[in-house]
Amino acid sequence: DKTLEDCHLSDCTLNTCIFDQVTFKKCLLSSIDFTTASLRAPDFDSCVLNGCNFSNLEAQGRTWHMSQFADCDFSQADLSQIDLQLCIFNKCDLTGVRFDHANIHRCIFNECILDGAQFDGSTWHRMSIMKTDFHKFRFDGVTLRIVGFNDCDFANLDLSGRSF
């Protein structure tokens, strides 16, 4: 495993770059399309990311800590068994993301797209979710512990047989 610390990258072309199992620590990353690079199993620690494309990312079982993601595209990413702590997701596209068996602790999701996202067997603890549409969302096997939902849309969501 490698660590990139105090790195500032903006509007970069990353064709053929390899970032597999890299820990990004205290990095500022802006307007970067990581889909053109090899980026598997990254960790983020105290990073700020704006407008980055992580679609189809594979980051199962990784740890993301105290990082902020704004206007990032995580569509179809596999974040199963990820440990998210003190992270903020603002206006991110999380369409079809797999968070199965994830531990999501003290995170904020604001105005994110969660269409088709899967959280089977995940635990949400001390979270805040704001201005989010849950119309194509599944709460199967999600454990909720002190979770606040503010200005969210639950229209047509089937919660039958669920207990919170």
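Trainee: Please clarify how the nonpolar core should be interpreted in this entry.
Mentor: Buried together is how nonpolar side chains tend to be arranged in soluble globular proteins. Judged by nonpolar contacts, the single largest core of 49 residues is most densely connected at Trp64 and Phe74. Those elements that provide at least two residues to this core are strand E3 (22-25) and strand E13 (123-130). If you tally residues by element for this core, the top one is E13, at three residues.

Trainee: How should the packing of aromatic side chains be read in this particular structure?
Mentor: Between two aromatic rings, the relevant description is the distance of the centres plus the angle of the planes. Evaluation of the coordinates by the stated rule reveals 19 aromatic pairs. Aromatic side chains Phe44 and Phe54 sit 5.8 Å apart centroid to centroid with 75° between the ring planes, which places their arrangement in the edge-to-face category. Note that Phe44 is positioned in strand E5 (residues 43-45) and Phe54 in the loop between strand E6 (48-50) and strand E7 (63-65), a separation of 10 residues in sequence. Take Phe44: its relative accessible area is 1%, and that puts it in the buried class. Taking 6.0 Å as the distance between ring centres and 70° as the angle between the ring planes, the aromatic pair formed by Phe74 and Phe89 counts as edge-to-face. A residue pair is termed long-range when its members are at least 10 positions apart, and Phe74 in the loop between strand E8 (68-70) and strand E9 (83-85) and Phe89 in strand E10 (residues 88-90) qualify at 15 residues.

Trainee: How should I be thinking about empty space enclosed by the protein in this particular structure?
Mentor: Empty space left among the atoms is revealed by rolling a probe the size of a water molecule over them. The full count for this structure, using the stated rule, is one cavity of 30 Å³ or more. Roughly 30 Å³ of volume is contained in the largest cavity. Lining the largest cavity are Ile104, Phe109, Leu114, Phe119, Trp124, Met127 and Ile129. Looking at the lining of the largest cavity element by element, the count peaks at three residues for E13. Among the residues making up the lining of the largest cavity, the classes are represented as seven nonpolar, no polar and no charged.

Trainee: Explain the environment of Ser80 to me, please; I cannot follow it from the model alone.
Mentor: Along the chain, Ser80 falls in the loop between E8 and E9. Here the alpha-carbon distance between Ser80 and Gly61, two residues 19 residues apart in the chain, equals 6.4 Å. Ignoring anything within four residues of it in the chain, the contact list for Ser80 reads Ala59, Gln60, Gly61, Arg98, Phe99 and Asp100.

Thresholds applied
Residues numbered from 1 in each chain as written. Predicted model: local features only at pLDDT ≥ 70, side-chain atom pairs only at ≥ 80, totals over all residues. Heavy atoms only, no water. Core = buried A, V, L, I, M, F, W, Y, C linked by side-chain atoms within 4.5 Å. Buried < 20%, exposed > 50% of the residue type's maximum accessible area, 1.4 Å probe, protein only. Helix = DSSP H or I, 4+ residues; strand = E, 2+ residues; numbered from the N terminus. Phe/Tyr/Trp six-rings, centres within 6.5 Å; stacked < 30°, edge-to-face > 60°. 1 Å grid on protein atoms, 1.4 Å probe; cavity = no way out; pocket = protein on both sides within 12 Å on 5 of 7 lines; lining within 4 Å. Points joined across faces, edges and corners; volume = space filled by probe spheres on them. Nonpolar A, V, L, I, M, F, W, Y, C, P; charged D, E, K, R; others polar. Contact = heavy atoms within 4.5 Å.

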